[in-house]
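Coordinate inspection notes
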Amino acid sequence: MGLMWRRFRRHKLALVSLWVVGLFYLVAVFAEFLAPVDPSDYSARYTYAPPQGLHFLAQNGDGSWAFGPYVNGYKTEIDPVALRRTFVVDEEVRLPVRFFAPSEPYLLAGVIPMSIKLIGVENPRDPFYILGADRLGRDMLSRLIHGTRVSLSIGLAGVVMSLFFGVVIGGFAGFYGGWFDSAVMRVVEFIRSMPTIPLWLGLAAAMPKDWSALQTYFAITLILSLIGWTELARVVRGRFLSLRTEDFVTAAQLDGASDWRIVTRHMVPSFTSHIIAAATLAIPGMILAETALSFLGLGLQAPIVSWGTLLQDAQNIRTLATAPWLLAPGLCVVVVILALNFFGDGLRDAADPHGR
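Before going into details, it helps to say that this report is about the structure given with it. Within each chain, residues carry numbers counting from 1 in the order of the written sequence. With pLDDT at 70 or above as the cut-off, local features in this predicted model cover only qualifying residues; side-chain atom pairs require 80 or more to be listed or tallied, and sums for whole chains, interfaces and linings still use all residues. In computing side-chain values, all of the structure's heavy atoms are included and hydrogens and water are not.

1. Focus: the overall build of the protein chain
Secondary structure assignment for the protein chain yields 13 helices and four strands. Dimensions of the protein chain along its principal axes, counting C-alpha atoms only, are 85 × 50 × 40 Å. Categorising residues by exposure relies on relative accessible area from a 1.4 Å probe, with only protein chains included: less than 20% of the type maximum marks a residue as buried, more than 50% marks it as exposed, and the intermediate range marks it as partly exposed. Expressed as a percentage of its 356 residues, the buried residues of the protein chain come to 41%. Long-range pairs, those at least 24 residues apart, make up 66% of the contacts in the protein chain with a sequence separation of at least 6. The Shrake-Rupley method, run with a 1.4 Å probe sphere, supplies the accessible areas, and residue values consider only the shown protein chains as cover. About 19200 Å² of surface is accessible on the protein chain, with carbon and sulfur atoms providing 64% of the total. Neither His nor the chain ends contribute to the count of charged residues, in which Lys and Arg are positive and Asp and Glu negative. Charged groups are reduced to one reference atom each: NZ for lysine, CZ for arginine, CG for aspartic acid, CD for glutamic acid. Positive and negative side-chain charges in the protein chain, numbering 29 and 27 respectively, have mean positions lying 5 Å apart. By the criteria applied, helices consist of DSSP H or I runs no shorter than four residues and strands consist of E runs no shorter than two, each listed in order from the N terminus. Working rule for contacts: check all heavy atoms of both residues, and any pair within 4.5 Å makes them a contact.

Rendered as structure tokens:
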């Protein structure tokens, strides 16, 4: 592992991607603390309010500058063409912002009781929309932060389950060979040959409509895992076919070790780095699958907040023309997917025993 880490550090793009991925997962862990307000709080008064932006330096009356975070207020204007009310940022109104602002009591990660937020306006009645508001006047920044937790946790949980199924099923298929290997490979080929979208449609339609949001969350995770284990199973199976004739496996068999012990204690650890790299490259697929399902209305639904459900509000041209900030979840998806792919490529190169 030490050699693998030294080789990984030479991959600068992968190293930067590791920090980016770590930052997103930190946001997911501390979502309640980082989000200025509850993601379900709404104000019909500020429907589609534009981003205010956060300013850190304020100019005093004598022309000097001082540290004083603030956001500008809003003023309303009437669109002369559409004859509808629109919000415009008022540069003359400054609403003071403070860090570690007091808030309503909440549970951090559902466990730790807290009553403080990272950032907030001094007057809770003032509008505070750094990234703008949606069609119900809900804060996009808070919803984006909470959506990060759901989307990234589905990707991670789905890969963990796929990793378990892929290593166990593919490992024993490669270890035993024969009819068991043939049966497993036929199942893998059958699953991989099925069209993805119709398969999702059928599985999503099979879920009861009266399920709670939490039950739907776990069902989507399970569905993605049952579909995503096949590629890893093929990789693990190929490695086991080459390892089962090695001397250390024969020595373990002669020593009386059980098949389970040989697989889990001798064979799997010999290519753990490859499994880690494969799992890392599988996470983007899980995140994209959840986002696509939720965007199409087949996956997670309100009140659960994920990147896919947030993108449902950006499905028509009129909305994008008046509120382009609703595409912020899509930008997060692109950044995370690219970072995970670069990170996975770096891990794969570092784990390659024939690499330079």
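2. Quick word on the pairing of strand β4 (residues 112–121)
Two strands pair when backbone bridges link them, and strand β3 (residues 85–108) and β4 are joined in this way by eight bridges, in the antiparallel orientation. In the sheet register, P102 faces β4, and the bridge partner there is I116. Between β3 and the antiparallel strand that follows it, β4, lie three residues; A109 among them carries a positive phi value of about 55°. By definition, two strands form a pair when at least two bridges between them are found by DSSP.

3. Quick word on helix α2 (residues 12–29)
An expected span of 1.5 Å times one less than the residue number is assigned to each helix. With 18 residues, α2 extends 26 Å between its outermost C-alpha atoms, agreeing within 8% with the 26 Å of an ideal straight helix rising 1.5 Å per residue. All buried positions along α2 are accounted for by A14, S17, V21, F24 and A28. For α2, the angular spread of buried residues about the axis comes to 80°, placing them on one side. Relative to its buried face, α2 has exposed residues pointing more than 90 degrees away, namely K12, V16, W19 and L23. It is the directions from the helix axis to the C-beta atoms whose arc is reported.

4. Quick word on the nonpolar core
Among the buried residues, those of types Ala, Val, Leu, Ile, Met, Phe, Trp, Tyr and Cys that are joined through side-chain atoms within 4.5 Å form a nonpolar core. Ranked by size, the top nonpolar core spans 29 residues in total, and within it L224, I287, W307 and V336 carry the most contacts. For this core, the secondary-structure elements that each account for two or more residues are α2, α4 (140–176), α7 (213–243), α10 (272–295), α11 (307–311) and α13 (328–351). For I287, the contacting residues outside a window of four places in its chain are S151, L152, G155, W307, V336, I337 and L340. Within the second largest apolar cluster, 15 residues are counted, among which are V167, F240, A252 and M267.

5. Quick word on the pattern of salt bridges
Put simply, a salt bridge is a Lys or Arg side-chain nitrogen that is within 4 Å of an Asp or Glu carboxyl oxygen. The final tally for this structure, using the stated rule, is five salt bridges. In this structure, E189 engages R186 in a salt bridge whose closest nitrogen and oxygen atoms are separated by 2.8 Å. With a gap of three residues between them, E189 and R186 both fall in helix α5 (residues 178–193), about one helical turn apart. The class of E189 is partly exposed, set by a relative accessible area of 40%. Among the ionic contacts, a cluster of salt bridges with common partners joins D134, R138 and R143.

6. So, the packing of α4 against helix α9 (residues 259–267)
Put simply, α4 and α9 touch, their axes get as near as 11 Å, and they point 110° apart. As the angle between them shows, α4 and α9 are arranged roughly perpendicular. As for the relative orientation of α4 and α9, their crossing is right-handed in sense. Here F172, F175 and Y176 of α4 lie close against α9, whose contacting residues are D259, W260, I262, V263 and M267. Classifying every residue of the contact of α4 with α9 gives seven nonpolar, no polar and one charged. In this analysis, axes come from line fits to C-alpha atoms, helices being fitted only over the stretch in contact, and the angle between any two N-to-C directions falls in the range 0 to 180 degrees. Throughout, the term roughly parallel applies to angles under 35 degrees, roughly antiparallel to angles over 145, roughly perpendicular to angles from 65 to 115, and oblique to all others. Crossing chirality is assigned from the near helix's rotation relative to the far helix, an anticlockwise turn below a right angle marking it left-handed and a clockwise turn marking it right-handed. Only Asp, Glu, Lys and Arg are considered charged in this grouping, and only Ala, Val, Leu, Ile, Met, Phe, Trp, Tyr, Cys and Pro are considered nonpolar; every other residue, Gly among them, is considered polar.

7. Some points on a nonpolar patch on the surface
Taken together, F56, L57, W65, F67, F99 and F100 make up a surface patch of nonpolar side chains, about 680 Å² in accessible area. Elements with a contribution of two residues or more to the nonpolar patch: β1 (55–59), β2 (65–78) and β3. Tracing the chain through its elements places W65 in strand β2. Patch membership requires more than 30% relative accessible area and the absence of a salt bridge. Residues of like charge join within 9 Å; the nonpolar side chains Val, Leu, Ile, Met, Phe, Trp and Tyr join within 5 Å.

8. Brief notes about the pairing of β3
Relative to β3, β2 runs antiparallel, the two sharing nine bridges. Note on β3: the bridge partner recorded for N72 is R94.

9. Focus: the layout of surface pockets
Taken as a whole, the largest pocket spans an internal volume of roughly 880 Å³. Lining the largest pocket are 36 residues, with P36, V37, D38, D41 and K117 positioned closest to its centre. If you list the elements that add at least two residues to the lining of the largest pocket, you get β3, β4 and α4. With seven residues, the top contributor of residues to the lining of the largest pocket is β3. A class-by-class count of the residues in the lining of the largest pocket yields 18 nonpolar, six polar and 12 charged. Put plainly, a pocket is an open set of points on a 1 Å grid over the protein atoms alone with protein on both sides within 12 Å along at least five of seven lines, a cavity is a set where a 1.4 Å probe fits but cannot get out, and a lining residue has an atom within 4 Å of a point. Grid points are joined across faces, edges and corners, and a volume is the space filled by probe spheres set on the points.

Function cannot be inferred from these measures alone, as they are strictly geometric.
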